[in-house]
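Working through the structure, step by step
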Amino acid sequence: MQFEIKELERHPIDFKEEFAPEALDLGPDARQITALKASGRAQLVEEHEGRHHTIQDIRVNGKLRTRLELPCARCLDPVTYDVNRDFDLLYRPQGSDTGREELSVTAAEAEVSYYQGDGLALEDVVREQVLLAVPLKTICREDCKGLCPHCGKNLNNEQCSCAEPAEDARWSALKDLRSKLQH
Ligand SMILES: [Zn+2]
Ligand SMILES: [Zn+2]
């Protein structure tokens, strides 16, 4: 779904869209495992720039929900993560406010992004919001033991023989050296 400036000049656009599972490309780590539902409204907001010029912003507000699968930061097992997000965004034309401070809508009032050309795709709005909702670090459970740094086994499921690390060879070499120096 596309919000075209020409259409927005005539009327706001209400939307209610569903994106099939996996429809959004969220990069290598996150997968969208349920349908994503998004609803809300897009409308034109005119900002006055000086006395003679106005720029056309697109304000998009609404909500979305979906479920993601993310890798556990310690053991890499998949973890499900629910996204339930309200948003209120302002898109300015790309390049419109470089070095201009006097625009009437300030960044404090809404999150500001940019659109290119004649409009904005709902899919891009939604993808960006989902990516913003992804936590920096997800773990499958508080006491996840993670992977063994030596053999790579998942220590939640199995023990490995490197669990009790033998004395590191580099340390014994140092010890040898020290005992030689002391004599
Ligand atoms: Zn884990
Ligand atoms: Zn191991």
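Basis of the calculations
Residues numbered from 1 in each chain as written. Chains lettered and ligands numbered in written order. Predicted model: local features only at pLDDT ≥ 70, side-chain atom pairs only at ≥ 80, totals over all residues. Heavy atoms only, no water. Helix = DSSP H or I, 4+ residues; strand = E, 2+ residues; numbered from the N terminus. Buried < 20%, exposed > 50% of the residue type's maximum accessible area, 1.4 Å probe, protein only. Contact = heavy atoms within 4.5 Å. Areas by Shrake-Rupley, 256 points an atom, 1.4 Å probe, with all protein chains shown as cover. Donors = N, O, S within 2.8 Å, 3.2 Å for Na, K, Ca; no water. pLDDT = per-residue confidence, 0-100. Pairing = 2+ DSSP bridges. Phe/Tyr/Trp six-rings, centres within 6.5 Å; stacked < 30°, edge-to-face > 60°. Core = buried A, V, L, I, M, F, W, Y, C linked by side-chain atoms within 4.5 Å. Tetrahedral: all angles 85-135°; square planar, octahedral: opposite > 155°, others 65-115°. Polar contact = N/O pair within 3.5 Å; in protein donor to acceptor, adjacent residues only side chain to side chain.

Thoughts on the overall build of the protein
Tallying secondary structure elements over the protein gives three helices and eight strands in all. Listed by position from the N terminus, the elements making up the protein come as β-α-β-β-β-β-β-β-β-α-α. Classification of the 183 residues of the protein by burial places 32% in the buried group. For the protein, long-range pairs separated by at least 24 residues make up 57% of all intrachain contacts whose partners lie at least 6 apart in sequence. Carbon and sulfur atoms make up 47% of the accessible area of the protein, which amounts to about 12,100 Å² in all.

Quick word on unusual backbone geometry
In this structure, E22 takes a positive phi of about 70° despite not being glycine. Relative to the elements of secondary structure, E22 occurs in the loop between β2 (13–19) and β3 (31–32). Residues other than glycine seldom take positive phi values, yet L76 does so here, at roughly 70°. On the basis of relative accessibility, which here comes to 56%, the residue L76 falls in the exposed class.

Observations concerning the coordination of the zinc ion (ligand 1)
Protein-derived coordination of the zinc ion (ligand 1) comes from C72 (SG), C75 (SG), C140 (SG) and C144 (SG), at a distance range of 2.3 Å. Each donor residue of the zinc ion (ligand 1) belongs to the same chain, with the gaps between them written as C-x2-C-x64-C-x3-C. You can see C72 sitting in the loop between β5 (53–71) and β6 (78–93) and its partner C140 sitting in the loop between α2 (122–133) and α3 (169–182), a full 68 residues away along the chain. C72 gets classed as buried once you look at its relative accessible area, which sits at 1%.

Brief notes about the confidence of the model for the protein
With 81% of its residues at a pLDDT of 70 or more, the protein has an overall mean of 87. Confidence, expressed as mean pLDDT per element, reaches its minimum in the protein at α3 with 65 and its maximum at β2 with 98.

Quick look at the pairing of β5
Examined bridge by bridge, β3 and β5 share two bridges and lie antiparallel to one another. Opposite R31, over in β5, you have E69 as the bridge partner. Remark: three residues form the turn of the hairpin made by strand β4 (residues 36–49) and β5, two consecutive strands paired antiparallel; G50 in that turn has positive phi of roughly 65°. Taken together, the 14 bridges between β5 and β6 define a ladder with antiparallel strand orientation. From the neighbouring strand, T66 faces β6, where its bridge partner is V83.

Focus on the packing of aromatic side chains
Scanning the model with the defined rule gives one aromatic pair in all. Look at F3 and F15: their rings are 5.5 Å apart centre to centre, the planes differ by 45°, and that puts the pair in the tilted class. One end of the pair, F3, is in strand β1 (residues 2–4); the other, F15, is in strand β2, with twelve residues separating them in the sequence. Residue class for F3 comes out buried when judged on its relative accessible area of 0%.

Side note on the nonpolar core
Core analysis: the biggest nonpolar cluster contains 29 residues, and I58, V60 and V126 have the highest contact counts within it. Of all the elements in the fold, those that place two or more residues in this core are α1 (5–8), β2, β4, β5, β6 and α2. Residue contacts for V60: discarding those within four places in its chain leaves F3, F15, R41, A42, F87, D88, L89, Y91, L120 and V125.

A look at the coordination of the zinc ion (ligand 2)
On the protein side, the zinc ion (ligand 2) has C148 (SG), C151 (SG), C160 (SG) and C162 (SG) as donor atoms, found 2.1 to 2.3 Å from it. Taken together, the four donor atoms surrounding the zinc ion (ligand 2) define angles of 107 to 115° at the centre, an arrangement classified as tetrahedral. Classification of C151 by relative accessible area gives partly exposed; the value is 38%.

Thoughts on the side chain of Q32
Within the secondary structure layout, Q32 lies in strand β3. A relative accessible area of 1% means that Q32 is categorised as buried. A polar contact is formed between the side chain of Q32 and the backbone nitrogen of L24, at a distance of 3.0 Å.

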